[in-house]
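Listed below are the residues making up each chain.
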Amino acid sequence: MNKSNAHMNPTLIMQGGVLLGLLTLVHLLYEGVVRPAASALVATQGASATNAIWVVLKDYEQQLCITIGLYCCFLMAYKVFRLLSEETFYSMDFLSNHPKDEPLDLNKALTELEGSEFKDNSAISTWINCIQRFKNTGNVQHASDAISSSTESLAMQLEAGNSMIRYCIWAIPSIGFVGTVRGIGEALARAEQAVSGDISGMVDKLGVAFNSTLVSLLVSLVLMFFMHLLNNRQDQMVINTQASCERHLLAHLHK
C-alpha cells in the first residue's frame, strides 16, 4: 500500500499490541468469569443448563472467535475514525487562494500542495497527480483522466487495506466448524457410555459442536454488517475525492 493511504491502517506494532492485549483480556475473562459460571450451572442444573449463555460460550473455539471478532472491530473502528477525522479533506478546494478566473500557476500550486503537512492525504495526492499530468501534457482531458485513474487506485488501495478484516471474518466460521468437528468426534468417543445409559458426556460434547458453530456464525454476521458500513464509508470517500477534483481543480485548469 502506498504512502498516501498507509495512515488509514494501524501500524503493525499497534495491531500486534492490540491483538496481544485482547488475547490476554478475553482469556482472563473466560478463566475468571465464563468457565466458572458455566461449571456452576452444569453442576446445579445438569442438562437443563445447556441453553445458558455461559455454557454456550465456555469452550475454546468460542473464546477464539470472540477474540478475533473484537480484533476485527478494532481494525474497522480505527479506519472509520481516520475517515471521519479527514472527511473535510475530500470536499475541499485546496487552491482556494488562487482566483479561478485567472490561469493557474502550476509550479506555485504544486509547491503549495507538496509542501503541505497533509501532502500524504489521498485527496491532496490526487490533486498533485492531476496537476502534474496537466503540467506535462497541457491537456485538460488528460488531467481529468488522471483524476479517474487516481481515484480508482485509491479505491483499490482501500480495498486491499481491508484484507486482514476479510480474512478474520472468513476465519471465524472456520474456527466454529473446527469446534463442531471436535465436539462430534469426542461425542462419538463417548458412545459406549451412552449405550450404557450415561448420556451426559455425549450431550456435553455435542453441545461443544453446536455451540461453537452458533457463536461463530453470530459473530461473523455482526462483523459482516460492520464491514458493509465501512465499505460504504470508504466508497463515499472515493466519490467525494473525485467530485472535489472535478468541481474545484478542473475549474482552475479550464482557463
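Residues numbered from 1 in each chain as written. Predicted model: local features only at pLDDT ≥ 70, side-chain atom pairs only at ≥ 80, totals over all residues. Heavy atoms only, no water.

Right, let's get into the overall build of the protein chain. Each helix and strand counted, the protein chain has ten helices and zero strands in total. Going residue by residue from the N terminus, the α and β elements of the protein chain occur as α-α-α-α-α-α-α-α-α-α. Counting all 255 residues of the protein chain, 42% fall into the buried class. Of the contacts made within the protein chain by residues no fewer than 6 positions apart, 77% connect residues no fewer than 24 positions apart. Looking at the protein chain as shown, the accessible area adds up to about 13,500 Å², and 64% of this sits on carbon and sulfur atoms. (Helix = DSSP H or I, 4+ residues; strand = E, 2+ residues; numbered from the N terminus. Buried < 20%, exposed > 50% of the residue type's maximum accessible area, 1.4 Å probe, protein only. Contact = heavy atoms within 4.5 Å. Areas by Shrake-Rupley, 256 points an atom, 1.4 Å probe, with all protein chains shown as cover.)

This paragraph deals with the nonpolar core. Counting 51 residues, the largest nonpolar core has Leu95, Leu113, Ile131, Ile165 and Leu253 as its most contacted members. Put simply, the parts of the chain that give this core at least two residues each are α2 (12–45), α3 (53–57), α4 (60–85), α5 (106–114), α6 (122–137), α7 (140–161), α8 (163–189) and α10 (200–253). In terms of residue count, α10 provides more of this core than any other element does, eleven residues in total. For Leu95, the residues in contact, after removing those within four places along its chain, are Leu104, Ala109, Glu112, Leu113, Trp127, Ile131, Leu249 and His252. (Core = buried A, V, L, I, M, F, W, Y, C linked by side-chain atoms within 4.5 Å.)

How two helices sit against one another is set out by the angle between their axes and by the gap between those axes. Here α5 crosses α6 at 155°, and the two axes come no closer than 10 Å. The orientation of α5 with respect to α6, classified from their angle, is roughly antiparallel. The handedness of the crossing between α5 and α6 comes out as left-handed. Seen from α5, the contacting residues are Leu106, Asn107, Ala109, Leu110, Leu113 and Glu114; seen from α6, they are Ile124, Trp127, Ile128, Ile131, Gln132, Phe134 and Lys135. In terms of residue class, the contact of α5 with α6 is made up of nine nonpolar, two polar and two charged. (Axes fitted to C-alpha atoms, helices over the stretch in contact; angles between N-to-C directions. Parallel < 35°, antiparallel > 145°, perpendicular 65-115°, else oblique. Left-handed = near helix turned anticlockwise from the far one by under 90°. Nonpolar A, V, L, I, M, F, W, Y, C, P; charged D, E, K, R; others polar.)

The grouping of Leu19, Leu20, Leu23 and Leu64 at the surface amounts to a nonpolar patch, some 320 Å² of accessible area in total. The biggest single contributor to the nonpolar patch is α2, with three residues. As for its placement among the helices and strands, Leu23 is situated in helix α2. (Patch = residues over 30% accessible without salt bridge, like charges linked within 9 Å, V, L, I, M, F, W, Y side chains within 5 Å. Salt bridge = Lys/Arg side-chain N within 4 Å of Asp/Glu carboxyl O.)

For the structure on display, the rule yields three aromatic pairs. Arranged with centres 6.4 Å apart and planes meeting at 50°, the rings of Phe74 and Tyr78 form a pair that is tilted. Here Phe74 and its partner Tyr78 are both found in helix α4, four residues apart, which amounts to about one turn of the helix. Consider the rings of Tyr167 and Trp170, whose centres lie 5.7 Å apart with planes at 35°: the pair is tilted. You can see Tyr167 and its partner Trp170 sitting in helix α8, three residues apart, about one turn around the helix. Using a relative accessible area of 49% as the deciding quantity, one classes Tyr167 as partly exposed. (Phe/Tyr/Trp six-rings, centres within 6.5 Å; stacked < 30°, edge-to-face > 60°.)

Next up on the list: α2. With 34 residues, α2 should reach 50 Å at 1.5 Å per residue; the first-to-last C-alpha distance of 46 Å fits that figure. Here α2 has its buried residues at Gln15, Leu22, Val26, Tyr30, Val34, Arg35, Ala38 and Leu41. Against the buried residues of α2 lie α3 and α4. (Expected span 1.5 Å × (residues − 1).)

The subject of this paragraph is the pattern of salt bridges. The final tally for this structure, using the stated rule, is four salt bridges. The salt bridge partner of Lys58 is Asp59, with a shortest N-O separation of 3.1 Å. Taking the relative accessible area as the measure of exposure, Lys58 reaches 17% and is therefore buried.

Before going further, it helps to examine the side chain of Asn9. As for its position among the elements, Asn9 is in the loop between α1 (3–6) and α2. There is a polar contact of 2.3 Å between the side chain of Asn9 and the side chain of Lys79. (Polar contact = N/O pair within 3.5 Å; in protein donor to acceptor, adjacent residues only side chain to side chain.)

This next bit is on the confidence of the model for the protein chain. Atom-level detail of predicted coordinates should not be read off regions where pLDDT is low. Of all residues in the protein chain, 85% attain a pLDDT of 70 or more, and the chain-wide mean is 82. The lowest-confidence element of the protein chain is α1, averaging 51 in pLDDT; the highest-confidence one is α4, averaging 92. (pLDDT = per-residue confidence, 0-100.)

The next subject is the environment of Leu75. By the secondary structure assignment, Leu75 is in helix α4. For the pair Leu75 and Pro10, spaced 65 residues apart in the sequence, the C-alpha separation amounts to 7.5 Å. Residues within four places of Leu75 in sequence aside, it is in contact with Pro10, Gln15, Met164 and Ile165.

Within the secondary structure, Thr151 is located in helix α7. Look past the residues within four positions of Thr151 in its chain and what remains in contact with it is Thr126, Val238, Thr241 and Gln242.

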